[in-house]
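So you can see what is in the structure, the chains are spelled out below.
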Amino acid sequence: MDKWLIIGGGIHGTCSAIALLEEGVAAADIAILDPHHHLLARWQQQTQRTGMSYLRSPGVHHLHPDPLHLHRFALQRPQPAGTHHQNFMLPHYRPSLELFQAHCEALIHEYQLDQRLISARAQGLSRPSPSQFTVETSLGLLHARYLILAMGVGEQLYWPDWAKPFKKRDSPIQHLYDPNPLPTLQEERLVIVGGGLSAVQFAITASRQSSRPVMLLMRHPLRIHAFDSDPGWLGPKKLNNFQQIPDFALRRRLIDKARHRGSVPLDVAQQLWRALREKRIQLIHDQITGVTIHRNQSLQLHLDKQADPLLADRVVLATGFGRQRPGGKWLEKAVAELGLPVHTDNYPFVDACLRWTEGIFVTGPLAELELGPAARNIAGARMAAARISASPEAKDASKRTALSSPGALLPPAS
Ligand SMILES: Cc1cc2nc3c(=O)[nH]c(=O)nc-3n(C[C@H](O)[C@H](O)[C@H](O)COP(=O)(O)OP(=O)(O)OC[C@H]3O[C@@H](n4cnc5c(N)ncnc54)[C@H](O)[C@@H]3O)c2cc1C
């Protein structure tokens, strides 16, 4: 049969798997390759690490194709009467993280997606025949007719140059999204570097655990935006024009301009202002130019504007993710060998079904030159899943499933 192999079991890969199953593709023809032992592992780790309570995106953005599925799930799940409002934050109906995770778990259970998971990492890709791909993995070779590349940027943590020499085990400088646990922060002089939602949210969380004020170092004034790009980018209002632009350098510039990078929604800004008033957080607008380690192991952070160095015991980088194309070396090799078309920024040129070449579909950052600034988000995962599952390849696969299932050719029972 024509197998679908989804590489990456995060928000994007899982959303695509559900859309294919909803389209009627047989479960036995779908596999999800991810090095973790459960789906959405990085999403869960990252969202827990920040201490966030509500998602930034509204409740119609989740992993099921029906936009109201999460709302219905919230209404149906057992809860004490009158507590419905706690599931969502108004005015945009942003779901609580607890509700969103429960919904994800319910979908994984309902679609038996854990049975589709192969816990291994893709390390190579070749095409031995026009209708088959071979993916080299840490567990051996896998074969598939169709691939969905959903690796995301979650493993590409961004380390500023001054911090790179400290990128080692047991270092006093760590990235917020390092999979290793963060040490307890209670007694330490903690500096959090970053100006976006992760940094501010983590500073608020850490300030509740720390006996000293937490220092939040950001290089720009606080930027407040409800979402990380204008919701017009989720529909024809902005996307129609975007998709007509033949100049991909211009598309890239528009994506960069449209993203409210390093911004926070108002409710999180208000929590920060409260913490500043209560002197639980000290906000410093500056940037680090270098670090030296003092004799007593404390860090001296040299700043651009301030003459005196900042003293710290621990630095947590909430500096987000690198801008390079996801996939790394194995994908780079496959791009060269299979002659996959890329823009000058190395990101794929894809068609309207998000096909990079016949048989290879993409989602997440890899789809952003087609889907625009929201491609990386949950809304982008939904848009990509909808397009891939509406492709002729998915439609054919679902027709074959219907024909091969027992009773498919029988008239409906009267
Ligand atoms: C703290 C936080 C909060 C966010 N909140 C929101 C929000 O409220 N709303 C919103 O729309 N967006 C939000 N986002 C943005 C975005 O939706 C998430 O980052 C989302 O998890 C991205 O999903 P993904 O599938 O692309 O990546 P990931 O979650 O990183 O998943 C990709 C998976 O692919 C695996 N992988 C990588 N390479 C390979 C390989 N070679 N072989 C096999 N598997 C591989 C990885 O191990 C990983 O498990 C948030 C992001 C963060 C960090």
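Residues numbered from 1 in each chain as written. Predicted model: local features only at pLDDT ≥ 70, side-chain atom pairs only at ≥ 80, totals over all residues. Heavy atoms only, no water.

Peer 1: Hey, could you go over helix α11 (residues 378-389) for me, with residue numbers and the actual values?
Peer 2: The terminal C-alpha atoms of α11, which comprises 12 residues, lie 16 Å apart, in line with the 16 Å expected from a rise of 1.5 Å per residue. Restricting attention to buried positions, one finds in α11 the residues Ile378, Ala379, Gly380, Ala381, Arg382, Met383, Ala384, Ala385, Ile388 and Ser389. (Helix = DSSP H or I, 4+ residues; strand = E, 2+ residues; numbered from the N terminus. Expected span 1.5 Å × (residues − 1). Buried < 20%, exposed > 50% of the residue type's maximum accessible area, 1.4 Å probe, protein only.)

Peer 1: Residues and numbers for helix α7 (residues 248-258), please.
Peer 2: One turn of the α-helix equals 3.6 residues, which is why residues spaced by three or four share an orientation. If you check which residues of α7 are buried, you get Arg251, Arg252, Ile255 and Ala258. Viewed along the axis of α7, the buried residues span an arc of 135°, placing them on a single side of the element. Turned more than 90 degrees off the buried face of α7, the exposed positions are Arg253 and Lys257. Taken together, the buried residues of α7 touch α6 (236-244) and α10 (368-371). Structurally, the start of α7 carries an N-cap: the backbone nitrogen of Ala249 is 2.9 Å from a side-chain oxygen of Asp247. (Arc of directions from axis to C-beta. Contact = heavy atoms within 4.5 Å. Polar contact = N/O pair within 3.5 Å; in protein donor to acceptor, adjacent residues only side chain to side chain.)

Peer 1: Residue-level account of a nonpolar patch on the surface, with values.
Peer 2: Taken together, the side chains of Ile224, Leu266 and Trp273 present a nonpolar region at the surface, about 270 Å² in accessible area. Within the secondary structure layout, Ile224 lies in strand β13 (residues 223-224). (Patch = residues over 30% accessible without salt bridge, like charges linked within 9 Å, V, L, I, M, F, W, Y side chains within 5 Å. Areas by Shrake-Rupley, 256 points an atom, 1.4 Å probe, with all protein chains shown as cover. Salt bridge = Lys/Arg side-chain N within 4 Å of Asp/Glu carboxyl O.)

Peer 1: Outline the layout of surface pockets, listing residues and values.
Peer 2: Roughly 260 Å³ of internal volume is contained in the second largest pocket. Lys168, Asp170, Gln174, Asp178 and Asn180 are the residues nearest the centre of the second largest pocket, which is lined by 15 residues in total. Across the lining of the second largest pocket, the residue classes tally to 6 nonpolar, 3 polar and 6 charged. (1 Å grid on protein atoms, 1.4 Å probe; cavity = no way out; pocket = protein on both sides within 12 Å on 5 of 7 lines; lining within 4 Å. Points joined across faces, edges and corners; volume = space filled by probe spheres on them. Nonpolar A, V, L, I, M, F, W, Y, C, P; charged D, E, K, R; others polar.)

Peer 1: Please give an account of the pattern of salt bridges that cites residues and values.
Peer 2: Overall, the coordinates contain 21 salt bridges when judged by the stated rule. With a closest N to O distance of 3.0 Å, Glu155 and Arg121 form a salt bridge. A residue pair is termed long-range when its members are at least 10 positions apart, and Glu155 in the loop between β9 (146-149) and β10 (173-175) and Arg121 in the loop between β5 (117-119) and β6 (122-129) qualify at 34 residues. For Glu278, the salt bridge is made with Arg280, and the minimal N-O distance between the two is 2.8 Å. Bridged by salt links that share partners, the residues Arg252, Arg259, Asp345, Glu368 and Arg376 form one connected network.

Peer 1: Could you give an account of the domain arrangement of the chain, with specific residues and numbers?
Peer 2: Taken domain by domain, the chain holds domain 1 (4-155 + 323-404) and domain 2 (161-225 + 260-317). Of note, the centres of domain 1 and domain 2, computed from C-alpha atoms alone, are 32 Å apart. Here domain 1 meets domain 2 over a buried area of about 1,200 Å², counting both sides, of which 46% is carbon and sulfur. Of all residues in domain 1, Arg49, Thr50 and Arg56 give up the largest surface area on contact with domain 2, accounting jointly for 56% of the area buried on that side. At the junction of domain 1 with domain 2, the criterion picks out 1 salt bridge. We note a salt bridge from Arg94 to Asp267, for which the minimum N-O separation is 2.7 Å. Here the element with the most residues in the side of domain 1 that touches domain 2 is helix α2 (residues 41-50); it accounts for 5 residues. Looking at the side of domain 1 that touches domain 2 residue by residue, the classes come out as 2 nonpolar, 4 polar and 5 charged. (Domains from an automatic or database assignment. Buried area = accessible area lost by both parts, 1.4 Å probe.)

Peer 1: Requested: an account of the site of the ligand, with residues and values cited.
Peer 2: For the ligand, the set of nearby residues contains 30 residues, the closest of which are Asp34, Arg56, Ser57, Ala122 and Glu155. Within the backbone of Ala122, a nitrogen or oxygen atom sits 2.9 Å from a nitrogen atom of the ligand. For the ligand, an oxygen atom lies 2.9 Å from a polar atom in the backbone of Ile378. Here the ligand loses 91% of its free accessible area of 980 Å² to cover by the protein chains. Elements supplying a minimum of two residues to the shell around the ligand: α1 (11-23), β2 (30-34) and α2. (Near = heavy atom within 4 Å.)

Peer 1: So, the sheet that holds strand β16 (residues 288-293): which residues are in play, and what are the values?
Peer 2: Within a beta sheet, neighbouring strands are joined by backbone hydrogen bonds and run either parallel or antiparallel to one another. A sheet is described by the order of its strands in space; here 3 strands give the open sequence β16-β17-β18, paired in antiparallel fashion. Two strands close off the open sheet at either side, each with one partner strand: β16 and β18 (310-312). Pairs of neighbouring strands in the sheet enclose a mean axial angle of 25°, with direction left out of account. (Pairing = 2+ DSSP bridges. Axes fitted to C-alpha atoms, helices over the stretch in contact; angles between N-to-C directions.)

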